[in-house]
Amino acid sequence: MAEHSVVIAGGGPTGLMLAGELALGGVDVVIVERRASQELDGSRAGGLHSRTLEVLDQRGIAERFLSAGQVHPAVSYSQIPLDISDFPTRHNYVLALWQSHFERILAGWVDELGVPILRGRDVVGFTQDDRGVEVEVSGDASFRAEYLVGCDGGRSLIRKAAGIDFPGWDPSTSWLIAEVEMDEEPEFGFRRDRTGTHALNRREEGEPIRVVLTERDLEHTGEPGMGELREALVDVYGTDYGLRRATWISRFTDMTRQAAAYRKGRVLVAGDAAHVHPPQGGQGLNTGVQDAVNLGWKLAQVVNRASPDSLLDTYHAERHPVGARALHNTMVAVALGTPDDRHQALRDTMTELLSMDEPRRRIAAMLSGLDIHYDLGAGHPLVGRRMPDLDLHTVNGPTRVFALLHDARPVLLNLGAPGGFDIAPWATRVRLVDGTHDGIWELPVLGEVAAPPAVLIRPDGHVAWAGHLADPELPRALTTWFGAARDAEAHP
Ligand SMILES: Cc1cc2nc3c(=O)[nH]c(=O)nc-3n(C[C@H](O)[C@H](O)[C@H](O)COP(=O)(O)OP(=O)(O)OC[C@H]3O[C@@H](n4cnc5c(N)ncnc54)[C@H](O)[C@@H]3O)c2cc1C
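Residues numbered from 1 in each chain as written. Predicted model: local features only at pLDDT ≥ 70, side-chain atom pairs only at ≥ 80, totals over all residues. Heavy atoms only, no water.

Novice: Got a minute to help me understand unusual backbone geometry in this structure?
Specialist: For S78, which is not glycine, the phi torsion reads 50 degrees and is therefore positive. Within the secondary structure layout, S78 lies in the loop between β6 (74–77) and β7 (80–83). Notably, D140 is not glycine yet its phi reads approximately 65 degrees, a positive angle. Owing to a relative accessible area of 80%, D140 belongs among the exposed residues under this scheme. (Helix = DSSP H or I, 4+ residues; strand = E, 2+ residues; numbered from the N terminus. Buried < 20%, exposed > 50% of the residue type's maximum accessible area, 1.4 Å probe, protein only.)

Novice: Would you take a moment to explain the pattern of salt bridges for this structure?
Specialist: One side chain can pair with another of opposite charge once the charged atoms of both are near each other. If you walk through the whole model with that rule in mind, you get 38 salt bridges. Measuring nitrogen to oxygen at the nearest pair gives 2.9 Å for the salt bridge that ties D122 to R34. Remark: R34 occurs in the loop between β3 (29–33) and β4 (47–48) and D122 occurs in the loop between β9 (117–119) and β10 (123–128); sequence separation between them is 88 residues. Looking at D122, the relative accessible area reads 23%, which means it is partly exposed. For R361, the salt bridge is made with D357, and the minimal N-O distance between the two is 3.6 Å. (Salt bridge = Lys/Arg side-chain N within 4 Å of Asp/Glu carboxyl O.)

Novice: In this structure, what is going on with the packing of aromatic side chains? I would like to understand it.
Specialist: The geometry of an aromatic ring pair is captured by two quantities: the separation of the ring centres and the angle between the planes. As enumerated under the stated definition, the model contains 7 aromatic pairs in all. Centre to centre, the rings of W297 and W481 are 6.3 Å apart; their planes meet at 50 degrees, and the pair counts as tilted. Of this pair, W297 sits in helix α7 (residues 284–303) while W481 sits in helix α11 (residues 473–482), and the two are 184 residues apart along the sequence. With respect to burial, W297 and W481 carry one shared label: buried. Of the aromatic side chains, those joined through ring pairs into one cluster are W297, W481 and F482. Taking NZ or CZ as reference, R266 lies 5.0 Å from the ring centre of Y147, over its face. We note R458 situated over the ring of W481; from NZ or CZ to the ring centre the distance is 4.7 Å. (Phe/Tyr/Trp six-rings, centres within 6.5 Å; stacked < 30°, edge-to-face > 60°. Lys NZ or Arg CZ within 6 Å of the ring centre and 35° of its normal.)

Novice: It is not clear to me how the sheet that holds β10 should be interpreted in this structure. Could you clarify?
Specialist: In a beta sheet, neighbouring strands are held together by backbone hydrogen bonds and run either parallel or antiparallel to one another. Spatially, 4 strands are ordered β1-β12-β11-β10 in an open sheet, and the strand pairing comes out mixed. Only two strands of the sheet have a single partner each, and these edge strands are β1 (2–3) and β10. As paired elements, strand β11 (residues 133–137) and strand β12 (residues 141–145) share 5 bridges and run antiparallel to each other. Paired with V135 across the strands is F143, a residue of β12. (Pairing = 2+ DSSP bridges.)

Novice: What's the story with the environment of D111 in this structure? I'm lost.
Specialist: With respect to the helices and strands, D111 occurs in helix α4 (residues 99–112). Taking the relative accessible area as the measure of exposure, D111 reaches 59% and is therefore exposed. In this structure, the C-alpha to C-alpha distance between D111 and R325, residues 214 residues apart in sequence, is 33 Å.

Novice: Is there a simple way to think about the nonpolar core in this case?
Specialist: Core analysis: the biggest nonpolar cluster contains 85 residues, and V6, F65, L299 and L456 have the highest contact counts within it. Broken down by element, the residue count for this core peaks at 10 residues, all from α7. With near-sequence residues (within four places) excluded, V6 lies in contact with L22, V27, D28, V29, V30, A145, Y147, V149, L299 and V303. Membership of the second largest hydrophobic core comes to 20 residues, among which are L413, V433, W441 and A466. (Core = buried A, V, L, I, M, F, W, Y, C linked by side-chain atoms within 4.5 Å. Contact = heavy atoms within 4.5 Å.)

Novice: Teacher, can you tell me more about the site of the ligand here?
Specialist: Of all residues adjacent to the ligand, which total 29 residues, the nearest are T14, E33, Q99, D272 and L285. In this structure, T14 approaches the ligand through a side-chain N or O atom, which is 2.7 Å from an oxygen atom. For the ligand, a nitrogen atom lies 3.2 Å from a polar atom in the backbone of R34. Contact with the protein chains covers 88% of the free accessible surface of the ligand, which is 1000 Å². The set of elements that each furnish at least two residues to the shell around the ligand consists of α1 (13–24), β3 and α7. (Near = heavy atom within 4 Å. Polar contact = N/O pair within 3.5 Å; in protein donor to acceptor, adjacent residues only side chain to side chain. Areas by Shrake-Rupley, 256 points an atom, 1.4 Å probe, with all protein chains shown as cover.)

Note that every value here comes from positions in space, so none of it alone points to a role or purpose.
Here you go:
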């Protein structure tokens, strides 16, 4: 039986990102993926939000994605555009990039990091005890691991086999989605009628046309085909525009559910395995990638024996509320799209509200993931929030905060006079950087905040502590997040 420290079931966006994070943390990890290649049926998710671009930037790989997509200044909430070009981030836009391209580029990075991917195999079961997990894989293979992470999508076998409940809401609406070729040029854009909202679009000349049609019926048996698609097009547009070929036809609903626990012993769930909701607001892939970035460094520290296993409980504590918010706001988005006069009145009111600065900022910051605030206790407003990507001057020359996070290690950034804190007891785990920043400190929604003399930044870019180096809370924060002080590190 092969042994790895961590087995990841599923090599979609979440599993790939987690594998990259674990590899940076020096963990021996393997992905088991059902698909024989990274190719996807259909393009699926259409874009990356600001915070996802920021976490990719924190690893030095944002440019790979930016050069493959198109930038748009507004996020869309139930088709209400919310401009975010005034947000204080280097990535104050949405990046239009199909999931198929996103996965290909991310898989390239994971490959460079040397993570093995066992393709064309399913995780079919597991047993866990105090010391580890035995993971059964199709084809009569098995692995022994310390931890198993289910990144195996909404129908997650791992979640079910772990006995984790998946409470939520049954679907109320169903949509047909397809990528097609048509002889005639269709009417591009959105159309609303008594059934709901429908859309036809093509991002680039030469690409297939993407069709999304609200269905009259919720219940269906079997997978949709060309006949059903043609019928639905005629139903909405009065023509099928000479529908010639479909490269992908599928169906999705607004089923909305969330895992009651993101961890059960040595088994964790992330991404769609932990939360499913309709694609309104484009948050599924983004939330999964950010789950992975929250979990990766914690799991690496536990596997590397730097931190106790209890650190993993903070994964649920921090990410469950973020997932719950995504569920909540997608339910609102579906309600706003309900095609009757009363909901239209609600939509008009919401559109008016969102044209005002403060509501626009709040909702857009939530959708783009920039307002995430983990509850790490009282203190400076930065604590628990994402660290802004400040320009810095250091003894090694100019840099910026995100560049300090490329290797996914924590950083104690001292913006005051050098000296004043002995990092030696954590020196192999936490990097102390002396630097200065000339500008203001501005956070999305909150606005300008007082510049702290020092900040402790976690590998996921969230601030664990901010204050003076003499603050007795600093050693406590270092111990809480990165493990106990070690004499051996003080006197190597
Ligand atoms: C039409 C549509 C539009 C969307 N638009 C957006 C959008 O604009 N923005 C956005 O952020 N999200 C969007 N989403 C959601 C997004 O596609 C998902 O949230 C995202 O793919 C989740 O990634 P994941 O890695 O968690 O799960 P998945 O992408 O589902 O990946 C799970 C992987 O696990 C594999 N697997 C499953 N079971 C096993 C097993 N037992 N053993 C081994 N491997 C297994 C699967 O083959 C798959 O590769 C959209 C979804 C749809 C359907």
